Amino acid sequence: MNDLAAPTRPAPYQSYWMPFTTNAAFKKNPRLFASAKGMYYKTMDGREVLDGTAGLWCVNAGHGRDRITEAVAEQLRTLDYASSFQLGHPIAFECADRLAELAPGDLDYVFFGNSGSEAVDSALKIALAYHRARGEGGRVRLVGRERAYHGVGFGGVSVGGISKHRVAYGNLLPYVDHLPATHDLATQAYSRGEPEQGIHFADELLRIINIHDASTIAAVIVEPVAGSTGVLPPPRGYLKRLREICDKHGILLIFDEVITGFGRLGTSFAAEKWGVLPDIITCAKGLTNAAVPMGATIVRSHVYEAVVGAGTGGPELPHGYTYSGHPVACAAALATLDIYRDEGLFERAAKMAPYWEAGAHSLKGMPHVVDIRNCGLLAAVEFQAAPGKAGYHAQALHQACLEKGVLVRAVGDSLVASPPLIIERAEIDRLWGTVAECLRAR
Ligand SMILES: Cc1ncc(COP(=O)(O)O)c(C=O)c1O
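Quick summary incoming for the structure in this document. (Residues numbered from 1 in each chain as written. Predicted model: local features only at pLDDT ≥ 70, side-chain atom pairs only at ≥ 80, totals over all residues. Heavy atoms only, no water.)

Quick word on the overall build of the protein chain
So, point 1. When its secondary structure is counted, the protein chain shows 16 helices and 15 strands.
So, point 2. Against the compact-globule benchmark of 22 Å for 442 residues, the protein chain has a radius of gyration of 22 Å, which places it among compact chains.
So, point 3. By its C-alpha atoms, the protein chain is 65 × 60 × 55 Å across when sized along the principal axes.
So, point 4. Looking at the protein chain residue by residue over its 442 residues, the buried ones come to 54%.
So, point 5. Put simply, 72% of the contacts in the protein chain that link residues at least 6 apart link residues at least 24 apart. (Helix = DSSP H or I, 4+ residues; strand = E, 2+ residues; numbered from the N terminus. Rg over C-alpha atoms; globule rule 2.2 N^0.38 Å. Buried < 20%, exposed > 50% of the residue type's maximum accessible area, 1.4 Å probe, protein only. Contact = heavy atoms within 4.5 Å.)

The following block contains the structure:
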């Protein structure tokens, strides 16, 4: 028998190695969505499920938007693909212009990739290249934060602060340090929006500077609101304080806005909400309403000018992806940005946020609940940890809500929700009402 011929083939539906999934358990009991429109998924057996997660924090304009579908189809008919290496096509330039217009301050230059992970790795490389271009090549150290998620590239995992993700691979980037997480249950529980307490967590950067010397530090990267570790809004004044310390010590500040961008907090970006201008923003997800994969790294003029200005003839930044600025992703992004603008979805999210907040906090005092956090159209309900059973209550509630037709996510001991920005009040009532009903039943 030929060695290349597989003696047995996996059964149907076994070959897909699913990401961030307990494959064996899932494949015994698959949970599949067949279609989606607006606020709702439809399961294979035709049941409707209210999407309280905007997919994975990404379908901000709601599912199945015809305008995006048509733009993508038209782009495929016109120009399906052209390289962006030493060649180009107009729609990538148009898309970058639109993003630069949307981003605050002089965040005016855009490097495209295909995901949040790539946006983060691109940002870290750009930060290192920036210092090198300015003759400060000794600035090689990157500072992340505990309880941060920056995707799955080696750069993102290195600056990320989820120990499970880090220890699985052992060998990460050298010269990385971490700020402490900003969440403190003892002083911040049940904060509405930003916790009043916790600005001192920013001063930990001074300790890192003191140990390593500022001249070795290239950049600090934070999520303005940590999402994937349970919706942790920044303490009041924290982001501004980080900005001040970075400015004083010549360190670049990167905001990872993969979740907080595109209206999630009621503004274009968290940078706008808090009036703190980072040197680099990373984004993805809501950029294309998740219809086509795309990520972007948006940099301020001084960053772009330093790197591009130091060029000596060849590509100034030896970095890029086959699909950087993919025309179809750009078409999806432009159509998505048009929807956000024409339907006023960022403003809508800002208006709906107090109602959302009230709904989430109505769960205070219910069994097992130890904290509730919210910001914009993000919220998390944290449960008492069950000894030896990580995520026990959150997982059970996720499943119970799903059976009642409401999708919310379990992350650690928290249940998190981040609905499409088109959510109506009645749907907010249903979402939190279902969580409450399932909690009462436990
Ligand atoms: C803050 C943040 N950064 C990066 C990423 C990675 O994005 P992607 O999964 O598109 O690579 C995520 C994904 O959830 C994220 O939340």
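Let's pick the thread back up.
Examining the sheet that holds strand E13 (residues 406-407)
The strands making up a sheet associate through hydrogen bonds between their backbones, and the pairing can be parallel or antiparallel.
So, point 1. One open sheet holds the four strands; their spatial order is E1-E2-E3-E13, and the pairing between them is mixed. Here the strands that pair on one side only, and so sit at the sheet edges, are strand E1 (33-37) and E13.
So, point 2. Where strand E2 (residues 40-43) lies against strand E3 (residues 48-51), three bridges are found, and the strand directions are antiparallel. By the bridge assignment, Tyr 41 is partnered in E3 with Val 49. (Pairing = 2+ DSSP bridges.)

Notes on the packing of helix H9 (residues 204-212) against helix H10 (residues 238-249)
So, point 1. Packing of H9 against H10 leaves a shortest axis separation of 10 Å and a crossing angle of 25°. In terms of axis orientation, H9 runs roughly parallel to H10. Here H9 and H10 pass one another in a crossing that is right-handed. Contacts from Leu 205, Leu 206 and Ile 209 of H9 reach H10 at Arg 241, Leu 242, Ile 245, Cys 246 and His 249.
So, point 2. Considered class by class, the residues forming the contact of H9 with H10 number six nonpolar, one polar and one charged. (Axes fitted to C-alpha atoms, helices over the stretch in contact; angles between N-to-C directions. Parallel < 35°, antiparallel > 145°, perpendicular 65-115°, else oblique. Left-handed = near helix turned anticlockwise from the far one by under 90°. Nonpolar A, V, L, I, M, F, W, Y, C, P; charged D, E, K, R; others polar.)

Digging into the pattern of salt bridges
So, point 1. For the structure on display, the rule yields 25 salt bridges.
So, point 2. One salt bridge in this structure joins Lys 37 and Asp 66, with 3.4 Å as the shortest N-O distance. Taken together, the positions of Lys 37 in strand E1 and Asp 66 in helix H3 (residues 66-78) put the pair 29 residues apart, joining distant regions of the chain.
So, point 3. The class for Asp 66 is partly exposed, based on a relative accessible area of 46%.
So, point 4. Among the ionic contacts, a cluster of salt bridges with common partners joins Arg 67, Arg 98, Asp 338, Arg 341 and Asp 342. (Salt bridge = Lys/Arg side-chain N within 4 Å of Asp/Glu carboxyl O.)

Points about the side chain of Thr 43
So, point 1. Its location among the elements puts Thr 43 in strand E2.
So, point 2. Side chain to side chain, Thr 43 and Asp 45 meet in a polar contact 2.5 Å long.
So, point 3. Dropping the residues within four chain positions of it, Thr 43 is found in contact with Leu 32, Phe 33, Ala 34 and Val 49. (Polar contact = N/O pair within 3.5 Å; in protein donor to acceptor, adjacent residues only side chain to side chain.)

What about the packing of helix H5 (residues 116-133) against helix H12 (residues 301-309)?
So, point 1. Two elements in contact, H5 and H12, have axes separated by 8 Å at closest approach and are oriented at 65°. Note on packing geometry: the crossing formed by H5 with H12 is left-handed. Touching Ile 126, Ala 129, Tyr 130 and Ala 133 of H5 are His 302, Val 303, Ala 306 and Val 307, all from H12.
So, point 2. A breakdown of the residues in the contact of H5 with H12 according to their chemical character gives seven nonpolar, one polar and no charged.

As for the site of the ligand
So, point 1. Around the ligand, the neighbouring residues are Ser 115, Gly 116, Ser 117, Tyr 149, His 150, Gly 151, Glu 223, Ser 228, Asp 256, Val 258, Ile 259 and Lys 285.
So, point 2. In this structure, an oxygen atom belonging to the ligand sits 2.8 Å away from a main-chain N or O atom of Gly 116.
So, point 3. Asp 256 has a polar side-chain atom sitting 2.7 Å from a nitrogen atom of the ligand.
So, point 4. With the chains in place, 84% of the 390 Å² that the ligand exposes on its own is no longer accessible.
So, point 5. For the shell around the ligand, the residue count by class is three nonpolar, six polar and three charged. (Near = heavy atom within 4 Å. Areas by Shrake-Rupley, 256 points an atom, 1.4 Å probe, with all protein chains shown as cover.)

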